[in-house]
Amino acid sequence: MITKPLLSIIIPIRNGQDFFEDTLKRLYAWRGERKEQIEICIINDGSTDNTKKILEGISPSFGIKIINIEKNHGKGAAVRAGIEVVTGEYIAFTDADLPYGLTIIDIMMNRMRAEPRLGLLYGSRAHRGSTVRRGYGFLRRLGR
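Residues numbered from 1 in each chain as written. Predicted model: local features only at pLDDT ≥ 70, side-chain atom pairs only at ≥ 80, totals over all residues. Heavy atoms only, no water.

**Regarding the nonpolar core**
Thought 1: Among the nonpolar cores identified, the biggest contains 24 residues, and L7, I11, F20 and I42 are the most heavily contacted of them.
Thought 2: For this core, the secondary structure elements donating two or more residues are β1 (7–13), α1 (20–32), β2 (38–45), α2 (51–56), β4 (90–93) and α4 (103–114).
Thought 3: Aside from chain neighbours lying at most four places away, what touches F20 is I11, I13, I42, I54, L55 and A96. (Core = buried A, V, L, I, M, F, W, Y, C linked by side-chain atoms within 4.5 Å. Buried < 20%, exposed > 50% of the residue type's maximum accessible area, 1.4 Å probe, protein only. Helix = DSSP H or I, 4+ residues; strand = E, 2+ residues; numbered from the N terminus. Contact = heavy atoms within 4.5 Å.)

Encoded structure:
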């Protein structure tokens, strides 16, 4: 019997050859510490560097779903592509460089499980309780 994963993590990536092997190591270690089944789905969004080659080198035994999108369509399209194939009870997504670490996913999962009425939970560095103090660049603030 195939068990539905508790959590699916979607990770869109584009041109991440310089850091993604470190991300994979962190993901494997974090997933290995969990008792629950966790599904990982990586979406290559039109990378023009060696990211696709790195993803092709991942052993199927690691149980990672990989979607290759040949042409870059943006982060939103990559996340949607992941949502279409994951099967977890909960779905999370994060940037490929794991800028907030993976502990935040544990915190959010605990919150969702404690309050089943929540249908959506998201993080924001702009929230008054946020401990992330990195600001957005000028162009990003201009586009908000």
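So that's the structure; there's more coming.
**Thoughts on helix α3 (residues 75–83)**
Thought 1: Within the span of α3, buried status applies to A78, V79, A81 and G82. One face of α3 carries all of its buried residues, which in axial projection span an arc of 155°.
Thought 2: Those residues of α3 hidden inside the fold are in contact with β1, β2, β3 (64–69) and β4. (Arc of directions from axis to C-beta.)

The values reported here are purely geometric and, on their own, carry no functional implication.
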